[in-house]
Amino acid sequence: MIKEAQIRESYEVEQVRREFPILRREVKGKPLIYFDNAATTQKPQQVIDALTGYYTGYNANIHRGIHTLAEEATAAFENTRDAVQRFIGADSREEIIFTRGTTEGINLVAYTWGRQNIKAGDEIIISAMEHHSNIVPWQVLCEEKGAKLKVIPVNEKGELLFEEYIKLLGPRTKMVSVVHASNALGTINPVRQIIDAAHKAGAVTLIDGAQSTAHLDINVRDLDCDFFALSAHKLYGPTGTGVLYGKKELLEAMPVFQGGGEMIKEVSFEKTTYNQLPYKYEAGTPNIADTIAFKAALDFIYRIGKEQIRRHEEDLLGYATAQLRAIRGLKIIGEAAEKTSVISFVVDNAHPQDLGILLDNQGIAVRTGHHCTQPLMDFFCIPGTTRASFAAYNTRAEIDELAAGLQKAIKLLS
Ligand code: PMP
């Protein structure tokens, strides 16, 4: 396996940092410390080069052209499909549908599979820690069809209550759609077991992989999920491109999503026949440049080593957790046993937004607010949190700066 072979003995974080030009910039006169990786990661030079390489070298529309540029662009675009297939362990390239990102992937399933399969009285299960992208499409569908949305509760640590989930499953359950790793808390959910139980109840499953793909090894075959949605921009790739994985038999049986170019075989005013997978779901000119550059992001991850990145992030998470726990009045929200490198916290008498502004004044980028998980914030009875999330290029020294910056901010706000 390439992955194992490329794991290096020691992790050279300074070497990794040099690959990200943005990390050389300053914010408010201080070196940038970027801790908003759960919102989007920064991009290595390799990805930026792939983008400019396409626009300067072989910009053309794909699939239908017979000239050289069109052939080169098509080959590069389709190479990314093969790379994603390997990256997530899908059986075939036909199961890899390019989308704008996780949100579009989930909407695609809700609009196509959902409209075909959900009827009045059916039930869709999600969890209390879903991103709005994995709530609203199902709500819209439930409203339209007279179906019911059921929610797996969480405990105070931010872990799903598995026994409660099992109780929610029943003959009316048609879809279980849950997040693999929570963007707001970092919780990693036991999706393998969730999927198994859903299948035993006869339900179809969708995994929101927006936050897990950068941190965990994903193998959709082992998970046995029916759908898996991800965004390239969360894993060192460009914005505006992502993937919906779906099992071939499901994708084949589903009705089309958007109509237009590329997704057709033949069009007449009487009847249109549709293209084969995966093109059936890729209407119109796709985001060619960003999708091509997405492969460069996957190449970057392979080269650094996914296992190496994961271990580095685990070290940062442990270090940051200890540092932040030592700050008086600070409470970490989300202390699940299994977490990705996300720390959400609240501080007594300090609004998250004020903390965010004071940290930005020190060059430290964190995210504040509800993180598109308002129902989860309601559960914790808070309006939002301050969130620091770590990636391959972050360091312990930066976490020291965060802890010192927080102490300074807290003093100013008290
Ligand atoms: N789900 C989760 C868990 C996320 O963190 C995000 C992005 N914050 C999304 C879905 C939506 O991803 P995108 O905006 O890339 O479509």
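Every value quoted in this text rests on a predicted model; they were computed, and no experiment measured them.

Draft legend 1. Spotlight on the sheet that holds strand E7 (residues 173–179). Spatially, seven strands are ordered E4-E10-E9-E8-E7-E5-E6 in an open sheet, and the strand pairing comes out mixed. Sheet topology places strand E4 (96–99) and strand E6 (148–152) at the edges, where each strand pairs with a single neighbour. Adjacent strand axes in the sheet meet at a mean angle of 20 degrees, parallel and antiparallel pairs treated alike. In this sheet, strand E10 (residues 242–246) lies alongside E4 in antiparallel orientation, the contact comprising four bridges. Across the sheet, the residue bridging to Thr99 is Gly242, located in E10. Where helix H5 (residues 102–117) meets the sheet, it contacts E4, E7, strand E8 (204–208), strand E9 (227–231) and E10, and its direction lies at approximately 150 degrees from that of E9.

Draft legend 2. A look at helix H11 (residues 288–304). With 17 residues, H11 extends 25 Å between its outermost C-alpha atoms, agreeing within 8% with the 24 Å of an ideal straight helix rising 1.5 Å per residue. Here H11 lies mainly inside the structure; 14 of its 17 residues are buried.

Draft legend 3. View of the pattern of salt bridges. Scanning the model with the defined rule gives 26 salt bridges in all. Between Lys28 and Asp360 there is a salt bridge, with its nearest N and O atoms 2.7 Å apart. Residue Lys28 is found in the loop between strand E1 (26–27) and strand E2 (30–31), and its partner Asp360 is found in helix H13 (residues 352–360); the two are separated by 332 residues along the sequence. For Lys28, a relative accessible area of 52% translates into the label exposed. For Asp360, a relative accessible area of 27% corresponds to the partly exposed category. The closest approach of N and O atoms between Asp224 and Lys247, which form a salt bridge, is 2.9 Å. Of this pair, Asp224 sits in the loop between helix H9 (220–223) and E9 while Lys247 sits in the loop between E10 and helix H10 (248–253), and the two are 23 residues apart along the sequence. Judged by relative accessible area, Asp224 falls into the partly exposed class, the value being 28%. Here Lys247 falls in the buried class, since its relative accessible area comes to 14%. Via salt bridges that share partners, Glu78, Arg81, Asp82, Arg93 and Glu282 belong to a single interconnected network.

Criteria and cut-off values
- Residues numbered from 1 in each chain as written.
- Predicted model: local features only at pLDDT ≥ 70, side-chain atom pairs only at ≥ 80, totals over all residues.
- Heavy atoms only, no water.
- Pairing = 2+ DSSP bridges.
- Helix = DSSP H or I, 4+ residues; strand = E, 2+ residues; numbered from the N terminus.
- Axes fitted to C-alpha atoms, helices over the stretch in contact; angles between N-to-C directions.
- Contact = heavy atoms within 4.5 Å.
- Expected span 1.5 Å × (residues − 1).
- Buried < 20%, exposed > 50% of the residue type's maximum accessible area, 1.4 Å probe, protein only.
- Salt bridge = Lys/Arg side-chain N within 4 Å of Asp/Glu carboxyl O.

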